[in-house]
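# Overview (structure and organization)
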Amino acid sequence: MEYTFTTANFEQEVLKSELPVLVDFYADWCNPCKMMAPVVEALAKELAGRCRVGKCNIDENLPIAQKYRVASIPTFIVFKNGQPAKTVMGAMPAQELRSQVEQAL
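The present account deals with the structure reproduced in this document. Chains are numbered independently. Their residues run from 1 in the order of the written sequence. The model is predicted, so local features are restricted to residues of pLDDT at least 70 and side-chain atom pairs to those at 80 or more, both for listing and for counting; the totals for chains, interfaces and linings are taken over all residues. Calculation of side-chain values draws on the structure's entire complement of heavy atoms; hydrogens and water are dropped beforehand.

## Describing the overall build of the protein chain
Definition in use: Runs of E in the DSSP output that reach at least two residues are strands. Runs of H or I that reach at least four are helices, and both are numbered from the N terminus. We compute the radius of gyration over the C-alpha atoms and compare it with the globule rule, which gives 2.2 Å times the number of residues raised to the power 0.38. Buried, partly exposed and exposed residues are distinguished by accessible area as a fraction of the type maximum, computed with a 1.4 Å probe on protein chains only: under 20%, between the cut-offs, and over 50%, respectively. In what follows, residue pairs with any heavy atoms lying within 4.5 Å of each other are defined as contacts. Calculation of accessible area relied on Shrake-Rupley with a 1.4 Å probe; when residues are assessed, cover is drawn exclusively from the protein chains displayed. All tallies of charge rest on Lys and Arg as positive and Asp and Glu as negative; His and the ends of each chain are not included. Taken as the charge location is NZ of Lys, CZ of Arg, CG of Asp or CD of Glu.
A count of helices and strands for the protein chain gives four helices and five strands. Shown N-terminal to C-terminal, the secondary structure of the protein chain runs as helices and strands in the order β-α-β-α-β-α-β-β-α. The C-alpha atoms of the protein chain give a radius of gyration of 12 Å, which matches the 13 Å a tight globule of 105 residues would have. In terms of its C-alpha atoms, the protein chain occupies a principal-axis envelope of roughly 30 × 30 × 20 Å. Going through the 105 residues of the protein chain one by one, you find that 46% of them count as buried. For the protein chain, long-range pairs separated by at least 24 residues make up 69% of all intrachain contacts whose partners lie at least 6 apart in sequence. For the protein chain, the accessible area works out to roughly 5,700 Å², and carbon and sulfur atoms hold 51% of it. Between the centroid of the 11 positive side chains of the protein chain and the centroid of its 12 negative side chains there is a distance of 5 Å.

This is the structure in structure tokens:
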């Protein structure tokens, strides 16, 4: 299940989550973000029960993007216990993203 994180639900859904959370910071106009979307969806299925996976549109949720210093997209941040545990930037092969996320879990 992929979640959509916004300024309205970020604290509850991400920071207070009992499971680690992978947040995909993206924008609709970003081609590398579009390329990564199916990779993130597949990862969400693989990690079901171990990690929540969702997206955060930086254009619609700028305060969150600014708080976590998202300077380029896509940016992937794994949150554990309400804190960023791992940040990975840019488009990459599915295997690479999976490996980076697994390290953080």
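## A few points about the packing of aromatic side chains
Within a pair of aromatic rings, the relevant descriptors are the distance that separates the centres and the angle that separates the planes. In plain terms, the rule: Here the aromatic set is Phe, Tyr and Trp, taking the six-membered ring for Trp, and pairing holds for ring centres within 6.5 Å; pairs whose planes are under 30 degrees apart are stacked, those over 60 apart are edge-to-face, and all others are tilted.
Counted according to the given criterion, the structure contains five aromatic pairs. Consider the rings of Phe5 and Phe10, whose centres lie 6.4 Å apart with planes at 85°: the pair is edge-to-face. Given the relative accessible area of 0%, Phe5 is considered buried. Taking 5.6 Å as the distance between ring centres and 85° as the angle between the ring planes, the aromatic pair formed by Phe10 and Phe79 counts as edge-to-face. With Phe10 in helix α1 (residues 10-15) and Phe79 in strand β4 (residues 75-80), this residue pair connects regions lying 69 residues apart in the sequence. Residues Phe10 and Phe79 agree in their burial class; the two are buried. Here a set of aromatic residues connected by ring pairs shows up, and it is made of Tyr3, Phe5, Phe10, Tyr68 and Phe79.

## Examining the nonpolar core
We apply this condition: Put simply, a nonpolar core is a bunch of buried Ala, Val, Leu, Ile, Met, Phe, Trp, Tyr and Cys residues held in one set by side-chain atoms that sit within 4.5 Å of each other.
Grouped together as the largest cluster of nonpolar side chains are 19 residues, with contacts concentrated most on Phe10, Val23, Phe25 and Val70. Those elements that place two or more of their residues in this core are α1, β2 (21-26), α3 (62-67) and β4. Among the elements that make up this core, the one with the highest residue count is β2 (four residues). Sequence-distant contacts of Phe25, that is, excluding residues within four places in its chain, are made with Phe10, Cys56, Ile58, Ile64, Ala65, Val70, Ile73, Pro74, Thr75 and Ile77. Counting residues in each nonpolar core, the second largest holds 16 residues, with Val40, Leu43, Val78 and Val101 among its members.

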